[in-house]
Amino acid sequence: MKAIFRSIAICVTALFVCFNAYSNQPIAIVLHGGAGTISPDKMTKEVEAAYYAKLNQALDAGYAVLKDKGEGLDAVVATITILENSPLFNAGVGAVYTYEGEHELDASIMHGKERQAGAVAGVKTIQNPILAARLVMEKSVHVMLSGQGAESFAHEHGLAKIDNTMFDTQRRFDALQKAKQRIDKLSSIGVDKLGADMRFGTVGAVVLDAQGNIVAGTSTGGMTAKRYGRVGDSPIIGAGTFADNASCGVSATGHGEFFIRYNVASDICARMKYQHLSLQDAANQVINVELKAVGGDGGIIALDAKGNVAMPFNTSGMYRASIDGQGKRVVAIYK
Ligand code: ASP
């Protein structure tokens, strides 16, 4: 009899320990709405309030999914679609223009458990490119589709076909006119250059879900007045987006050409994995030492398997928000 009681007690304790271990799994979320020369003197109080409201809304939407023990993929998509649908950010509606006056959007998503990933590049007729990136990951045998191939794949899988002018905003149109004047002036003296202020507002999110999975996603219109066909870092796995449960998840924003060349997102996770650096140190070294030294403007958001969050940037501001594994909330714009 005693033995039976003892076995029952052991089982109950084991169940309790298991339950506790599961419920102690931290959840966390971090998001960005782009980095650049963002400063209070360039902002009215109303515009600033609108940014804070949207950052809070997107943060709450993603966190609600995580609190319900939902999938990290759903949390990332919930957060990013809110930012894509807001004209405040350079993704979806409000995306910047190419030199030719169109919008070409890039997005990617990655799941850290088995390093599954999906991406689309240069799409013009999909309202929420992050949904298309997820479809590529879940419904195709590929990782990245581009241009018309990506569009027809997304439409075949149920995403509505929209007109490219749906992404138009006056603010980005004005920015294009200014950028073109500058580019035309520079090219008349033989310089082919996009200024450092010709972007801002790429969006991204990284989450740690209740199952312990890290998921990262990024969506952007790229850089103002970019050449048509130009692809930035945002849809490139390892450059603009990366997730690996064994190290970290990252979404980047900044001068994409540098982020591709320096393989920024996966380099941060590799430094954690192989050099055993903390998330904060790994992220800081890449953004504030390596990239800063070569003029690679921008920043990243990242989190690790314990729910630690890092949001370094080497520009004057980055729209950002997070709730870490301890439940600490941060919503900020400037340095
Ligand atoms: N990284 C994006 C790109 O180069 C732009 C940005 O994040 O602002 O396409």
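Attention here is on the structure that accompanies the text. (Residues numbered from 1 in each chain as written. Predicted model: local features only at pLDDT ≥ 70, side-chain atom pairs only at ≥ 80, totals over all residues. Heavy atoms only, no water.)

Neighbouring the ligand are twelve residues, the closest being T202, R230, D233, T253 and G254. T202 places a polar side-chain atom, nitrogen or oxygen, 2.7 Å from an oxygen atom of the ligand. Within the side chain of D233, an N or O atom sits 2.6 Å from a nitrogen atom of the ligand. For the ligand, the protein covers 100% of the area, taking 270 Å² as the surface of the free molecule. (Near = heavy atom within 4 Å. Polar contact = N/O pair within 3.5 Å; in protein donor to acceptor, adjacent residues only side chain to side chain. Areas by Shrake-Rupley, 256 points an atom, 1.4 Å probe, with all protein chains shown as cover.)

Residue placement: N314 occurs in the loop between strand 10 (309-310) and strand 11 (317-323). A distance of 3.1 Å separates a polar side-chain atom of N314 from the backbone oxygen of G296. At 2.8 Å, the side chain of N314 forms a polar contact with the backbone nitrogen of G298. For N314, the contacting residues outside a window of four places in its chain are I287, N288, L291, K292, G296, D297, G298 and K335. (Helix = DSSP H or I, 4+ residues; strand = E, 2+ residues; numbered from the N terminus. Contact = heavy atoms within 4.5 Å.)

With that settled, the discussion passes to helix 9 (residues 279-294). End to end, helix 9 covers 22 Å across 16 residues, agreeing with the expected 22 Å (1.5 Å per residue, within 8%). Taken as a whole, helix 9 carries its principal kink of about 30° at Q285. For helix 9, the set of buried residues is L279, A282, A283, V286, I287 and L291. Where helix 9 is buried, its residues touch strand 8 (248-254), helix 7 (256-261), helix 8 (264-275), strand 9 (298-304) and strand 10. Positive phi shows up at G295, right after helix 9, with a value of about 85°. (Expected span 1.5 Å × (residues − 1). Bend = angle between axes of the 7 residues up to and from the residue. Buried < 20%, exposed > 50% of the residue type's maximum accessible area, 1.4 Å probe, protein only.)

Turning to the pairing of strand 11, a few remarks are in order. Burial runs high along strand 11: seven of the seven residues are buried. Here strand 11 shows no split at all, with G317, Y319, A321 and I323 on one side and M318, R320 and S322 on the other all buried. Of the strand pairs in this sheet, strand 1 (residues 28-36) and strand 11 are connected by six bridges, and their pairing is antiparallel. Pairing of G36 across the sheet is with G317, part of strand 11. (Pairing = 2+ DSSP bridges.)

To continue, consider unusual backbone geometry. Look at A225: it is not a glycine, yet its phi comes out positive at around 65°. Position of A225 among the secondary structure elements: in the loop between strand 6 (214-220) and strand 7 (241-243). Backbone geometry places N263, a non-glycine residue, at a positive phi of 50°. You can see N263 is positioned in the loop between helix 7 and helix 8.

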